[in-house]
Amino acid sequence: MPPTISSSLCTVAALSGRRASQQGGNKQRAVAQPLAAGVVTEAAPPLVSAPRRRGGADELVAWKSIRQERWEGALEVEGNLPLWLDGTYLRNGPGLWDLGDYGFRHLFDGYATLVRVSFRDGHAVGAHRQIESEAYKAACEHGKLCYREFSEVPKPDSFTSFIGQLASLFSGSSLTDNSNTGVVRLGDGRVLCLTETVKGSIVVDPDTLDTVNKFEYEDKLGGLIHSAHPIVTDTEFWTLILDLIRPGYVVARMDAGSNERQFVGRVDCRGGPAPGWVHSFPITENYVVVPEMPLRYCAANLLRAEPTPLYKFQWYPDSGSYMHVMCKASGNIVASVEVPPFVTFHFINAYEEKDEEGRVTAIIADCCEHNANTSILDNLRLHNLRSFTGEDVLTDARVGRFRIPLDGSPFGELEAALDPEEHGRGMDMCSINPAHLGKEYRYTYACGARRPCNFPNTLTKIDLVEKTAKSWYEEGAVPSEPYFVPRPGAVEEDDGVAISMVSAKDGSGYALVLDAKTFKEIARANFPYGLPYGLHCCWVPRDK
């Protein structure tokens, strides 16, 4: 029997949800207040105390539900944290997969768990908390699934309720707001948790991890689905909004401090009956790159009560694969080229290739590409992740490099940017030095593989100039996306640290800090309990 949501966890969620609604968007202070030395003193006991560490190689804590709604406390540090590391690392991801006696089947279905590690003066304070989405609160209140998650659909009680579900699907009201995918810091300092549904945009307090309110878009662009990964800078927010009725993509931007998306331009799909899945996309200094994958949304699969191996998508290899380039300033499409078939969740970066006279001749766009193999989606079922038998079953991946010519050519190129054996033919969950966003760059930090494995199990630094890789590995551990934090005043691209949350083989969990140059461990901050695997992260610098 899988672990279940405890009654105390859901009771806490309901109570804190009512407090949040009573207090509106006002910040609630943290359970623990930091002292000048960076150590915390608890103002009140945690709502649910942290469980003791549980040992044993069969614990598989990475794929087990979190056992309490929230916790906060000082972390034991091994090694020496850099004194310049001053701020908060936030990680979002699906950390609760069980509801009563029912267990979700896919990694992407779980209710969002936000993890925080605050660094100051060589000390670390850790915390986690469930994000109080309407989907999560409804599940706690009713003891069952109430919204459509990635692969799960609420079971109708009758034919009438089934018809009602269809209507609510097309209106978007039954789609989840479970923001379990990304977390970004906006240019005005607000922190936003996201998923692929537009309604699943939720503002959180990075200090307390309280759910503050829904992020309401104050415009008329509408849309039910958008890219789970917007491009965020100190001044801008770029996103893609999918049009499922008239297949295409709307490119929109938003100023820092605003909730109003502005229409920039539109890309019509060149192939297939529906838009290709766009989980992420890249930009350059002057252009937005819109990918069109042959893994396309499928209305028939959206209506199914039981998921197919491709879930809400269908593979249309004959529909063609395309890369579109839009000018940021004018909204005009300056290139639309056919490329070899590809499957990717995550783009890494893009930049403009120029000739000797400084004219832009092509766009280079890099992604974590799965060799056009769609099986990666079904491989992420929790049963597969929890039942590893030592066979090498992880779908191959590479750093896929697109070259998109701007000379009117109808075709673009796709090749591996380096030998995939350098990183174990595993590559996903990348970050870069943010100063190189949209510009030529050399390094990326990712999750790679030491085979045999069924999931990425290393942290890997890729050198795209030397075409080499360095990896960190600990037997049986499952690390999450490494996030690069530059050292203040740094000049060199890799001068900083890479931070990752690790679910260890013995059931424990810790924040790992690697020197980004050498890619050697310099410190780890131990949680008193194991944490499930998480997806994406961000860095919130401390206000001076």
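In this text the structure is predicted, and so the values were computed from the model without any measurement.

**Brief notes about the UniProt feature "binding site: Fe cation" (unreviewed entry) in the protein**
The sites that carry the UniProt feature "binding site: Fe cation" (unreviewed entry) are, in the present numbering, H229, H279, H346 and H536. These residues run over 308 residues, yet every pair of their C-alpha atoms falls within 12.7 Å of each other. The subset of the named residues that lines the largest pocket consists of H229, H346 and H536. Checked against the element boundaries, H229 lands in the loop between strand 14 (211-214) and strand 15 (231-232). Reaching out from H229, the side chain makes a polar contact with the side chain of H279 at a distance of 3.1 Å. Classification of H279 as buried rests on a relative accessible area of 10%. Beyond its immediate chain neighbours, meaning those up to four positions away, H279 contacts T181, E196, S227, A228, H229, F345, H346 and H536.

**As for the layout of surface pockets**
Roughly 1,500 Å³ of volume is contained in the largest pocket. Residue assignment for the lining of the largest pocket shows that the elements contributing at least two residues are strand 11 (182-185), strand 15, strand 24 (344-354), strand 28 (428-431), strand 33 (483-486) and strand 37 (536-541). The residue makeup of the lining of the largest pocket, split by class, is 29 nonpolar, 11 polar and nine charged.

**Points about the sheet that holds strand 13 (residues 202-204)**
With antiparallel pairing, the four strands of this open sheet are ordered in space as 11-12-13-14. In this open sheet, the two strands that pair with only one neighbour each are strand 11 and strand 14. Strand-to-strand twist of the sheet, defined as the mean angle between neighbouring strand axes without regard to direction, takes the value 30 degrees. With three bridges joining them, strand 12 (residues 191-194) and strand 13 adopt antiparallel strand pairing. Bridge pairing in strand 13 links C193 to I202.

**Topic: unusual backbone geometry**
The linkage connecting R451 with the following residue, P452, adopts the cis geometry, with an omega of 5 degrees. Relative to the elements of secondary structure, P452 occurs in the loop between strand 29 (443-448) and strand 30 (458-463).

**Looking at the nonpolar core**
Of all hydrophobic cores here, the largest spans 108 residues; its most connected members are F119, M323, L377 and F402. Excluding residues within four positions of it along the chain, L377 makes contact with H106, F108, F150, W277, L295, P309, L310, Y311, F313 and F345. Formed by 15 residues, the second largest nonpolar core is a distinct cluster that contains A397, M427, A446 and L464.

**Some details on the side chain of H423**
With respect to the helices and strands, the residue H423 is situated in the loop between strand 27 (413-416) and strand 28. Look at H423 and you get buried, because its relative accessible area is 1%. Not counting residues up to four positions away in its chain, the partners in contact with H423 are A397, R398, V399, L418, G448, A449, T460 and I462.

**Thoughts on the confidence of the model for the protein**
Looking at the protein, the pLDDT average stands at 88 and 86% of residues meet or exceed 70. Below a pLDDT of 50 lies the segment residues 1-8, which in the model reaches 14 contacts outside its immediate sequence neighbourhood of four places, other chains included. Low confidence marks residues 11-57, where pLDDT is under 50. Its contacts with residues over four positions away, or in another chain, come to 89 contacts.

**Some remarks on the packing of aromatic side chains**
The geometry of an aromatic ring pair is captured by the separation of the ring centres together with the interplanar angle, meaning the angle of the planes. For the coordinates displayed, the defined rule picks out 22 aromatic pairs. Centre to centre, the rings of Y445 and F519 are 6.2 Å apart; their planes meet at 20 degrees, and the pair counts as stacked. Of the two residues, Y445 is situated in strand 29 and F519 in the loop between strand 35 (509-515) and strand 36 (521-526); the sequence distance between them amounts to 74 residues. Here Y445 matches F519 in class, with each residue buried. Ring pairs connect the aromatic residues F108, F150, W277, Y297, Y311, F313 and F345, which therefore count as one cluster. One cation-aromatic arrangement involves K461 over Y443; the distance from NZ or CZ to the ring centre is 4.4 Å.

**Some words on helix 2 (residues 134-142)**
Buried within helix 2 are the following residues: A135, Y136, A138, A139 and C140. Taken from the residues just after helix 2, G143 is the one with a positive phi, measuring 70 degrees.

**Remarks on the sheet that holds strand 29**
Strands in a sheet are paired, the pairing made by backbone hydrogen bonds, and the direction either parallel or antiparallel. Pairing within the open sheet is antiparallel, and its four strands lie in the order 28-29-30-31. The strands lining the two open edges of the sheet, one partner per strand, are strand 28 and strand 31 (468-473). Averaged over all pairs of adjacent strands, the angle between strand axes in this sheet comes to 25 degrees, irrespective of strand direction. Bridging between strand 30 and strand 31 involves six bridges; their strand directions are antiparallel. Bridge pairing in strand 31 links T458 to Y473.

**Side note on the side chain of H370**
Structurally, the position occupied by H370 is in the loop between strand 25 (360-369) and helix 5 (375-379). For H370, a relative accessible area of 3% puts it in the buried group. Excluding its chain neighbours within four sequence positions, the residues that come into contact with H370 are V343, T344, I376, T395, D396, A397, M427 and D428.

**Let's talk about the state of the cysteines**
Under the defined criterion, the tally for this structure stands at zero disulfides. There is no disulfide at C367, and the cysteine sulfur nearest it, in C368, is 6.8 Å away. Between C447, a free cysteine, and C430, which holds the nearest cysteine sulfur, the sulfur-to-sulfur gap is 8.2 Å.

**Regarding the pattern of salt bridges**
Taken as a whole and judged by the stated rule, the model has 36 salt bridges. For the salt bridge of E72 with R116, the shortest nitrogen-to-oxygen distance reads 2.8 Å. Placement of the pair is E72 in strand 3 (residues 70-74) and R116 in strand 9 (residues 111-120), with a sequence separation of 44 residues. Among the residues examined, R116 registers a relative accessible area of 4% and is labelled buried. Where E353 meets R403, a salt bridge forms, and the shortest distance between an N and an O atom there is 2.8 Å. Placement of E353 in strand 24 and of R403 in strand 26 (residues 398-405) is noted, with a sequence separation of 50 residues between them. Looking at E353, the relative accessible area reads 26%, which means it is partly exposed. By relative accessible area, which is 27% here, R403 ends up partly exposed. Among the charged side chains, a salt-bridge network with shared partners connects D392, D396, E421, R425 and R451.

Thresholds, definitions, all that
Residues numbered from 1 in each chain as written. Predicted model: local features only at pLDDT ≥ 70, side-chain atom pairs only at ≥ 80, totals over all residues. Heavy atoms only, no water. UniProt positions renumbered as here; feature names shortened; annotations may be inferred. 1 Å grid on protein atoms, 1.4 Å probe; cavity = no way out; pocket = protein on both sides within 12 Å on 5 of 7 lines; lining within 4 Å. Helix = DSSP H or I, 4+ residues; strand = E, 2+ residues; numbered from the N terminus. Polar contact = N/O pair within 3.5 Å; in protein donor to acceptor, adjacent residues only side chain to side chain. Buried < 20%, exposed > 50% of the residue type's maximum accessible area, 1.4 Å probe, protein only. Contact = heavy atoms within 4.5 Å. Points joined across faces, edges and corners; volume = space filled by probe spheres on them. Nonpolar A, V, L, I, M, F, W, Y, C, P; charged D, E, K, R; others polar. Pairing = 2+ DSSP bridges. Axes fitted to C-alpha atoms, helices over the stretch in contact; angles between N-to-C directions. Core = buried A, V, L, I, M, F, W, Y, C linked by side-chain atoms within 4.5 Å. pLDDT = per-residue confidence, 0-100. Phe/Tyr/Trp six-rings, centres within 6.5 Å; stacked < 30°, edge-to-face > 60°. Lys NZ or Arg CZ within 6 Å of the ring centre and 35° of its normal. Disulfide = S-S within 2.5 Å. Salt bridge = Lys/Arg side-chain N within 4 Å of Asp/Glu carboxyl O.

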